[in-house]
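Structure at a glance
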Amino acid sequence: MTATSPTRTPQGVRKDLPADLSASITVFLIAIPLSLGIALATGAPLQAGLVAAAVGGIVAGRLGGAPLQVSGPAAGLTVVTAELIQHYGWRTTCAITVLAGFCQLGLAALRTARSALMVSPAIVHGMLAGIGVTIALAQLHIVLGGTPQSSAVANVLGLPGQLADLHPVALGISALTLVVLLGWPRLPGRAGRALRKVPAPLAAVATATVFAALAGLSLPRVDLPSWRSHALPEMPEGPVLGLIAAVLTITLVGSVESLLSAVATDKLIASERGTDNRPPRADLDRELRGQGAANIVSGALGGLPITGVAVRSVANVKSGAASRKSSMLHGFWVLLAAFLLVPVLDLIPLATLAALVMAVGVQMVSITHLRSVTRHREALVYGTTIVAVVLGGVLEGVAVGIAVAVALALHRLARTRITLERLDSGVHRVRARGQLTFLAVPRLSRVLNQIPHDTHAVIELDGSFMDHAAYETIQDWQQSHLAHGGSLEVTGRSGQAARINGADPGAAGKTGSPGGADGTDGTDGADGADGGDGTGGAHRSGRGHDARHAEGGRPAERSRRSQQRGTHQCCRPWTPWQNHCDHRAPSTRTATASTMAEAAAADADDGEAQDLSPTPRRRGAGQLASGISAFQRDTAPHVRDELARLAREGQRPSQLFITCADSRLVTSMITASGPGDLFTVRNVGNLVPLPGAESTDDSVAAAIEYAVDVLQVDSITVCGHSGCGAMQALLSSAPGVAMTPLRRWLRHGLPSLARMASRHHAWARIAGRLPADAVEQLCLTNVVQQLEHLRAHESVARRLAEGTLELHGMYFHVGEAQAYLLSEGEDFFDCRVFDTVGQHA
């Protein structure tokens, strides 16, 4: 569904105008020095940067699909443009820019904007980092007082000679520019907060310019020629294939950078603003169309290629821009400055602009991006793309990056680790890590043939695909192993049963683990995943017994039974729980048992008696050990680093969560929280005893005091749930019954019972409906009452008075898997409505 925004009224437009005006001035002050610096870095006329900034703001701002994105000359196209100017000259480069704009219009008409985002982020970030390195190397020569060479390699080789021939004046101005640029955002105090409203690039350029003018330093400065001599495009001249490659390069790099910037701007807006003052999300095809139109106009007027600029877009959003008028106004200010501020711009030293652009180039090599690609094991693609862009150019670097990414994906698909381990119990365990394809068959066959015939074997499959060749290899070996008196289990990584005989290898490849290892295609008839067949949910074939007999001749029954069992996908993270949880209804279990009995009777008629009685589900210590084993194997490697950090730093939870001890309430699952997020207190009935009450349990009060005063939590939530046994016991309690520990504890719930019966209190209810029965009514009322009990605790009352603590009521309907939050009103506890919490809350 496409997100839409409310129609903007004339009053709303006028209301937004001051914010747009203020933001446009901020972006304008950033755009002027950066546009001149990028023009200098490309070797284009300096006016070309101003033309591109003005056209990007006015044309792309008006026609583009990202309202708050600011377009103009960007560092991402600096290297490409510089190469084109060296090969074809400036006027032909302008013509290439026009043709690239037409290509972008064509891509927008074909609605291909989304497909541009299919390129691996490692390649995109590597491309931008390679461009940044190339820019920094070139501008370093100007910072040192020299002239950049034609390539990154030449710039590196020329550095020793440049260092031997330093120009102290240029180096000093560049150093001053960098110090102000990097130090400006860190100015302390009130004065610093006021000064930081001026953009750092403008402050750096202004400071260096004023210092150079007052000191009377002699060094090269900006020289804007007369607009009368401004060069316009000419018909392209040169090799046709070279021109086509140039047009495609500008189109590719400009489009990808613009679309990524639009997506990043959307994310920034979502994180910075609420839904009431948020502009519509970016229309990427329209944005590509706007970029194409802007490039046509910019190239025709003798400007640099245009793309969405992340730095200016971030400044626009953070300055409070409300509509696309801020970008358009910024373009208008640039246009005025290009005609009216020429004498001021001519005072800027070139070394200052070079230092500014060099800093931008260094920042394009993002540490955040490096960590991200390393975490996703794509550092090789990232590094290769950087090197290829620096050595060969942008188009060549992207091509090399794509080739490496494809090769890496194929390697991961083909790489399979197969090991054989003999346990102390005599069991031989085969572990297959990765995808089982025909490429792994020789190793798989070699390992399987090392297992003695008369032993018990466990085959553990860990992958998402198994092709027909691997499937037949395992099936043939299984038949041979059973025929020679052996026994075996075939499981997935989580320990769930995987069926090989009678299973469809194509279907196996679609499941989370091959052969149904994730529980979607288990053993015959009986449920391995829930313990219905075999200990611990594994498919176990008896010694000398062919497991296929249990399935023979009943494909319809097998299909029906496999659908009845673990197609459960929603709790994939809870694999230890999934391994021993029975998801089938009692009627299903009865029907399955009946079907098994019929199969046994049919086989008995054939003279082959079968024992198909289900093995009792593993319980107690066995179930606990199985769950611990699954955690250590599957979950611990993923959370070990985070738990180690928490062990070092200590816990800093943001919330105290008081809920019932009911086993159906998994707090981390329903709140999507992890280690260190919630300080949880669970008891029967999610009760909070009043301070000083009879039979007070100090354990709850102690937890509240520790969470509020020591851990300094920001909020406390009391969470009730449907079908609460404690509330049922309260409703059915009779006077005069002997006191037990449970009954003494439930006395803390009597105020909730009295509140529900009182006419002086409004009933609690769920939004849109009345409570289903008295139990649900009491469950809801109890949450409200326990929140009042919380207010009676001294530490809670103090923090509430300070305004540093919030109280929340929550109700979880187990059968609906739906959470409800107690809505706020003028008086929190006089509002009795629990509102639905949706997926996009």
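As a reminder, the structure under discussion sits directly above these lines.
First, a word on what this report is: a plain description of the structure on this page.

Rules and cut-offs
Residues numbered from 1 in each chain as written. Predicted model: local features only at pLDDT ≥ 70, side-chain atom pairs only at ≥ 80, totals over all residues. Heavy atoms only, no water. Helix = DSSP H or I, 4+ residues; strand = E, 2+ residues; numbered from the N terminus. Buried < 20%, exposed > 50% of the residue type's maximum accessible area, 1.4 Å probe, protein only. Contact = heavy atoms within 4.5 Å. Areas by Shrake-Rupley, 256 points an atom, 1.4 Å probe, with all protein chains shown as cover. 1 Å grid on protein atoms, 1.4 Å probe; cavity = no way out; pocket = protein on both sides within 12 Å on 5 of 7 lines; lining within 4 Å. Points joined across faces, edges and corners; volume = space filled by probe spheres on them. Nonpolar A, V, L, I, M, F, W, Y, C, P; charged D, E, K, R; others polar. Salt bridge = Lys/Arg side-chain N within 4 Å of Asp/Glu carboxyl O. Pairing = 2+ DSSP bridges. Expected span 1.5 Å × (residues − 1). Axes fitted to C-alpha atoms, helices over the stretch in contact; angles between N-to-C directions. Parallel < 35°, antiparallel > 145°, perpendicular 65-115°, else oblique. Left-handed = near helix turned anticlockwise from the far one by under 90°. Patch = residues over 30% accessible without salt bridge, like charges linked within 9 Å, V, L, I, M, F, W, Y side chains within 5 Å. Lys, Arg positive; Asp, Glu negative; His and termini not counted. Charge placed at Lys NZ, Arg CZ, Asp CG, Glu CD. Polar contact = N/O pair within 3.5 Å; in protein donor to acceptor, adjacent residues only side chain to side chain. Disulfide = S-S within 2.5 Å. Core = buried A, V, L, I, M, F, W, Y, C linked by side-chain atoms within 4.5 Å.

**Comments concerning the overall build of the protein chain**
Broken down by element type, the protein chain carries 34 helices and 14 strands. Evaluated residue by residue, the protein chain yields a buried proportion of 49% over its 841 residues. Long-range contacts, defined as pairs at least 24 residues apart, comprise 74% of the intrachain contacts of the protein chain with a sequence gap of at least 6. Just so you have it, the protein chain exposes about 39500 Å², and 60% of that area is on carbon and sulfur atoms.

**A few points about the layout of surface pockets**
Of the volumes computed, that of the largest pocket is approximately 940 Å³. Taken together, 32 residues line the largest pocket, and the ones lying closest to its centre are H125, L128, A264, A310 and H369. At the level of secondary structure, the elements contributing two or more residues to the lining of the largest pocket comprise helix 1 (10–42), helix 6 (121–143), helix 12 (240–272), helix 14 (310–318), helix 17 (350–363) and helix 18 (367–375). Take the lining of the largest pocket: its biggest share by element is 8 residues, from helix 12. Each residue belonging to the lining of the largest pocket can be placed in one class, and the counts come to 20 nonpolar, 9 polar and 3 charged.

**Describing the pattern of salt bridges**
On inspection of all chains with the given rule, the structure shows 12 salt bridges. For E460, the salt bridge goes to R433, with nearest N and O atoms at 3.0 Å. A residue pair is termed long-range when its members are at least 10 positions apart, and E460 in strand 5 (residues 456–462) and R433 in strand 4 (residues 428–434) qualify at 27 residues. The buried category is assigned to E460, whose relative accessible area is 5%. Among the residues examined, R433 registers a relative accessible area of 24% and is labelled partly exposed. Measuring nitrogen to oxygen at the nearest pair gives 2.8 Å for the salt bridge that ties R664 to D662. Residue classification places D662 among the buried positions, given a relative accessible area of 16%. One network of salt bridges, with partners in common, ties together E642, R645, E649 and R652.

**A short note on the sheet that holds strand 14 (residues 833–836)**
The strand order across the open sheet built from 7 strands is 9-8-10-12-13-14-11, with neighbouring strands paired in mixed fashion. The open sheet is flanked by strand 9 (678–683) and strand 11 (765–766), the only strands paired with a single partner.

**Observations regarding helix 11 (residues 200–215)**
An ideal rise of 1.5 Å per residue puts 22 Å on 16 residues; helix 11 measures up with 22 Å between its terminal C-alpha atoms. Every buried residue of helix 11 is accounted for by A200, P201, A203, A204, V205, A208, T209 and A212. Once helix 11 ends, the next one or two residues include G216, with phi positive near 65 degrees.

**Re the pairing of strand 10 (residues 715–721)**
Among the 7 residues in strand 10, 7 count as buried, and that is most of the element. With burial as the criterion, each face of strand 10 is covered, one bearing S715, T717, C719 and H721 and the other bearing I716, V718 and G720. Of the strand pairs in this sheet, strand 10 and strand 12 (residues 806–813) are connected by 7 bridges, and their pairing is parallel. Bridge pairing in strand 12 links I716 to L807.

**Re the packing of helix 29 (residues 698–710) against helix 34 (residues 794–802)**
Here helix 29 crosses helix 34 at 30 degrees, and the two axes come no closer than 9 Å. With respect to helix 34, the element helix 29 is oriented roughly parallel. Both helix 29 and helix 34 take part in a crossing whose hand is left-handed. Contact residues: I704, E705, V708 and D709 in helix 29; S795, V796, R798 and R799 in helix 34. For the contact of helix 29 with helix 34, the per-class residue count stands at 3 nonpolar, 1 polar and 4 charged.

**Notes on a positive patch on the surface**
Together, R190, R193, R196 and K197 make up a positively charged patch on the protein surface. As for its placement among the helices and strands, R190 is situated in helix 10 (residues 189–195). What makes R190 exposed here is its relative accessible area of 72%.

**Structural notes on unusual backbone geometry**
Although it is not a glycine, N686 adopts a positive phi angle of roughly 40 degrees. Turning to its location among the elements, N686 is positioned in the loop between strand 9 and helix 29. Taking relative accessible area as the criterion, N686 reaches 2% and is therefore assigned buried. If you check the backbone angles, A817 has positive phi at about 50 degrees while not being a glycine. Secondary-structure assignment places A817 in the loop between strand 12 and strand 13 (818–822). Given the relative accessible area of 58%, A817 is considered exposed.

**Examining helix 18**
Of the residues flanking the start of helix 18, the one acting as N-cap is S366, its side-chain oxygen 3.3 Å from the backbone nitrogen of H369. Of the residues one or two after helix 18, R377 is the one with positive phi, at around 60 degrees.

**What to know about the environment of L50**
Secondary-structure assignment places L50 in helix 2 (residues 46–63). Between the alpha carbons of L50 and P33 there is a distance of 9.5 Å; along the sequence they are 17 residues apart. With residues near it in sequence (within four places) discarded, L50 still touches I32, S35, L36, L224, V334, A338 and L345.

**Describing the state of the cysteines**
Tallied over the full model, the rule gives 0 disulfides. Looking at the unpaired C719, the closest cysteine sulfur is the one in C660, lying at 9.1 Å.

**Quick look at the pairing of strand 3 (residues 416–422)**
One ladder, built from 7 bridges, connects strand 3 with strand 4; its direction is antiparallel. Looking across to strand 4, one finds that L420 is bridged to V430. The hairpin turn running from strand 3 into strand 4, its antiparallel successor, is 5 residues long, and G426 in that turn takes a positive phi close to 95 degrees.

**Describing the environment of Q712**
Inspection of the secondary structure puts Q712 in the loop between helix 29 and strand 10. Counting along the chain gives 58 residues from Q712 to S654, while the straight-line C-alpha distance between them is 7.8 Å. When neighbours within four sequence positions are excluded, Q712 is seen to be in contact with A707 and R799.

**Focus on the packing of helix 2 against helix 15 (residues 325–340)**
Their axes nearest at 7 Å, the elements helix 2 and helix 15 cross at an angle of 155 degrees. The angle between helix 2 and helix 15 places the two elements in the roughly antiparallel class. Relative to helix 15, helix 2 is oriented so that their crossing is left-handed. Where helix 2 approaches helix 15, its residues L50, A53, A54, G56, G57, I58, G61 and R62 are matched on the opposing element by S327, M328, H330, G331, F332, V334, L335 and A338. A breakdown of the residues in the contact of helix 2 with helix 15 according to their chemical character gives 9 nonpolar, 6 polar and 1 charged.

**What to know about the nonpolar core**
Residues I32, L36, L50, L224, L304 and V334 are the most contacted members of the largest nonpolar core, which totals 47 residues. With 10 residues, helix 2 is the single largest residue contributor to this core. Contact partners of L304, with chain neighbours within four places excluded, come to I38, A39, T42, A44, A48, G49, A52, P73, T81, W90 and S298. In this structure, F679, V688, V718 and W745 belong to the second largest nonpolar core, which totals 40 residues.

**What about a nonpolar patch on the surface?**
A contiguous nonpolar patch, built from I58, F332, L335, L336, F339, L340, L341 and V344 and spanning about 700 Å² of accessible area, is present on the exposed surface. The greatest single-element share of the nonpolar patch, amounting to 5 residues, is contributed by helix 15. For L336, a relative accessible area of 35% corresponds to the partly exposed category.

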